[in-house]
Amino acid sequence: MRLNAIHAALAAATLTLALGAQVRAAEQEPIQPLEPAKITDPAKVELGKQLFFDPRLSRSGWISCNSCHNLSMGGSDNFKSSVGDHWAQGGIRAPTVLNSSLNIAQFWDGRAKDLAAQAGGPIANPIEMGSTHEAAEKTLDTIPGYRTQFKKVYGVDKIGIDQITDAIAAFEATLITPNSRFDKWLKGDKAAITADELAGYQLFKDTGCVACHNGPAVGGGSYQKFGLVHEYKTANPATGRAGVTGNDGDRMMFKVPTLRNIELTPPYFHDGSAKTLSQAVATMAWVQLGKTLTPDQNAKIVAFLKTLTGDQPSFPLPQLPPSSDQTPRPDPFAPVAKK
Ligand code: HEC
Ligand code: HEC
């Protein structure tokens with residue numbers, strides 16, 4: 001009975017979607033090309049870039065944002081769950097930071113409203129960077145090269161966590177990946193993708209994937225139930241939006257991830273349970289849409305998804321300002337302080 005109701009609702013939604021898609025088809029595709037980020041404050045972006053790569057923001061002096069959001073491999077660590085301070089095992093897969101400024105909110109459950117609100121979290125998270133905001137501020141304050149930059153960008157003599165997170169967010173907002181082959185196709189270069197990839201895109205639309213994965217980021221725009229049609233079984237205790245809203249109806253509602261550069265960031269899903277893109281696509285079709293794809297359909301959708309890899313961030317490796325004699329010398333092996 002309950003399942004019937006869900007099926008009916010889904011059928012209605014699919015119908016609305018199909019009609020909507022037909023109307024839209026004439027004027028535009030459900031996915032739009034990414035435009036490169038406009039940099040309005042280069043000094044702030046440069047500062048944020050240094051902070052993103054600076055392991056001195058962590059207790060151990062070893063872990064930077066880039067440790068888990070490796071910009072040389074798609075902005076993630078490609079683990080099922082991350083490795084943090086004292087080799088602690090995280091509880092959930094690290095999403096990519098690429099194009100994350102396009103998300104409605106940050107984290108799988110959307111608990112941080114924007115990138116600046118997010119950036120303070122990992123520094124003080126005991127199983128991530130394991131430091132405190134005070135310790136991070138104090139450390140940066142002992143580094144003359146940072147003091148000069150914070151003075152120039154924010155006009156402050158004392159470095160505060162709000163400026164640290166603001167600068168990191170400004171850098172992250174530049175991590176947009178335009179010029180994928182699919183974007184070229186969207187912009188009119190019909191030879192940019194192959195016939196199979198185009199067929200994959202058609203299947204992606206016809207199967208119903210675009211109901212949730214749409215817009216410039218091919219996702220990131222809404223929260224949806226993971227297991228809409230068939231229950232998604234996982235040993236991972238994360239409950240999604242329910243953990244934020246306290247509302248039981250929000251159980252297993254997760255932010256729809258962007259599918260941009262998806263080829264670069266296995267394993268997939270918040271629990272990292274899908275080892276390959278092909279597994280992730282098969283699971284999505286079944287649990288979200290109640291459909292079983294043939295191996296050929298699956299391969300075509302995967303081929304389409306691989307056309308979404310765009311220009312990766314590219315810049316000279318940031319050189320971090322040297323520590324002074326006052327800068328604490330980190331001890332990665334010091335026992336975890338009991339709090
Ligand atoms: C130890 C690994 C680790 C480190 C270090 C780390 N992160 Fe993360 N990051 C994660 C994990 C895991 C998540 C997902 C957590 C969740 O959703 O509950 C995440 C989520 C994010 C997100 C949200 C992306 C999205 O799509 O929702 C952003 C942005 C981000 N991190 C930026 C940063 C920045 C900036 C730093 C440095 C200050 C940092 N991270 C340090 C592991 C890490
Ligand atoms: C009803 C909304 C909805 C539909 C329809 C849907 N997805 Fe998803 N998709 C999601 C959500 C939510 C997640 C995140 C699940 C999680 O890990 O918590 C996701 C995750 C994914 C991932 C893994 C992304 C990552 O970074 O781990 C891929 C790949 C994917 N979807 C592809 C597809 C394909 C292909 C289809 C069509 C066959 C599809 N999706 C249909 C909502 C949807």
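Heads up: the structure comes first, above all this text.
Presented here is a report on the structure given in the accompanying data block. Just so it is clear, the model here is predicted, and its values are computed rather than measured. (Residues numbered from 1 in each chain as written. Chains lettered and ligands numbered in written order. Predicted model: local features only at pLDDT ≥ 70, side-chain atom pairs only at ≥ 80, totals over all residues.)

### Considering the overall build of the protein chain
Our working rule: Helix and strand assignments follow DSSP, with helices taken as H or I runs no shorter than four residues and strands as E runs no shorter than two, numbered in order from the N terminus. C-alpha atoms define the radius of gyration in this analysis, and the globule rule sets the expected value at 2.2 Å times the number of residues to the power 0.38. Here a residue counts as buried when 20 or more other C-beta atoms sit within 10 Å of its C-beta, as exposed when there are 12 or fewer, and as partly exposed otherwise, the C-beta atoms being derived from the backbone. The contact rule is simple: place each C-beta atom from the backbone, and if two of them lie within 7 Å, those residues are in contact.
Along its length, the protein chain carries 12 helices and 2 strands. Ordering the α and β elements of the protein chain from the N terminus gives α-α-α-α-α-α-α-α-α-β-α-β-α-α. What you see for the protein chain is a C-alpha radius of gyration of 22 Å, in line with the 20 Å of a compact globule of 339 residues. In terms of overall dimensions, the protein chain has C-alpha extents of about 65 × 45 × 30 Å along its principal axes. Classification of the 339 residues of the protein chain by burial places 37% in the buried group. Summarising the internal contacts of the protein chain: among those between residues at least 6 apart in sequence, 69% fall at separations of at least 24.

### Overview of the site of ligand 1
The test is simple: We call a residue near a molecule or strand if the C-beta atom, set from the backbone, is within 6 Å of it. We call Asp, Glu, Lys and Arg charged. Ala, Val, Leu, Ile, Met, Phe, Trp, Tyr, Cys and Pro are nonpolar, and the rest, Gly among them, are polar.
Lining the immediate surroundings of ligand 1 are 26 residues, of which Cys65, Cys68, Ser82, Phe107 and Pro122 lie closest. Looking at the shell around ligand 1 element by element, the count peaks at 5 residues for helix α4 (residues 115–124). Split by residue class, the shell around ligand 1 holds 15 nonpolar, 9 polar and 2 charged.

### Thoughts on the site of ligand 2
For ligand 2, the set of nearby residues contains 24 residues, the closest of which are Cys209, Cys212, Phe254, Phe269 and Met284. In terms of residues, the shell around ligand 2 owes the most to one element, helix α11 (residues 277–289), which gives 6 residues.

### Quick notes on unusual backbone geometry
The amide bond that connects Pro266 to the next residue, Pro267, takes the cis arrangement and shows omega of -5°. The residue Pro267 is located in the loop between β2 (253–255) and α11 in this model. Despite not being glycine, His86 shows a phi value in the positive range, around 55°. Structurally, the position occupied by His86 is in the loop between α3 (65–68) and α4. The exposure class assigned to His86 is partly exposed, which follows from the 15 C-beta atoms found within 10 Å. Positive phi outside glycine occurs at Asn179, with the angle close to 65°. Within the secondary structure layout, Asn179 lies in the loop between α7 (161–172) and α8 (181–186). For Asn179, a count of 15 C-beta atoms within 10 Å corresponds to the partly exposed category.

### Re helix α2 (residues 42–53)
Applied cut-off: Multiplying 1.5 Å by the residue count of a helix minus one yields the expected span of that helix.
Taking 1.5 Å per residue, 12 residues should reach 16 Å; α2 reaches 17 Å between its end C-alpha atoms and fits that length. Listed as buried for α2 are Lys44, Leu47, Gly48, Lys49, Leu51 and Phe52. Buried residues along α2 sit against α3, α6 (144–154) and α7.

### Examining the packing of α4 against α7
The packing of two helices is summarised by the inter-axis angle and the distance between the axes. The line we're drawing: Interaxial angles span 0 to 180 degrees and are taken between N-to-C directions of axes, which are lines fitted to C-alpha atoms, for helices over the stretch in contact. Take the far helix as the reference: if the near one is turned anticlockwise from it by less than a right angle, the crossing is left-handed, and if turned clockwise, right-handed.
Where α4 contacts α7, the two axes come as close as 8 Å, and the packing angle between them is 115°. Crossing of α4 over α7 shows right-handed handedness. Between α4 and α7, the residues in contact are Leu115, Ala116, Ala119 and Gly120 and Ile161, Thr165, Asp166, Ile168, Ala169 and Glu172, respectively. For the contact of α4 with α7, the residue count by class is 6 nonpolar, 2 polar and 2 charged.

### A short note on the packing of α11 against helix α12 (residues 295–305)
Where α11 contacts α12, the axes come no closer than 9 Å and their chain directions differ by 115°. Considering how the two elements wind past one another, α11 and α12 form a crossing that is right-handed. Between α11 and α12, the contacting residues are Leu277, Ser278, Val281 and Ala282 on the first element and Asn298, Ile301, Val302 and Leu305 on the second. For the contact of α11 with α12, a count of residues per class yields 6 nonpolar, 2 polar and no charged.

### Section: helix α9 (residues 195–207)
Taking 1.5 Å of rise per residue, the 13 residues of α9 would be expected to cover 18 Å, and the 18 Å separating its terminal C-alpha atoms lies within 8% of that figure. Once α9 ends, the next one or two residues include Gly208, with phi positive near 110°.

### What about the environment of Gly219?
Its place among the elements puts Gly219 in the loop between α9 and β1 (223–225). The class for Gly219 is buried, based on 23 C-beta atoms found within 10 Å. Sequence separation of Gly219 and Ile31 is 188 residues, and the distance between their C-alpha atoms is 9.3 Å. For Gly219, the residues in contact, after removing those within four places along its chain, are Cys212, His213, Val256, Pro257, Thr258 and Leu259.

### Examining the environment of Ile63
One can find Ile63 in the loop between α2 and α3. In this structure Ile63 comes out as buried when scored by C-beta crowding, with 23 C-beta atoms within 10 Å. Between the alpha carbons of Ile63 and Ile123 there is a distance of 9.5 Å; along the sequence they are 60 residues apart. If we ignore the near neighbours within four places in the chain, the residues touching Ile63 are Pro55, Ser58, Gly84, Asp85 and Met129.

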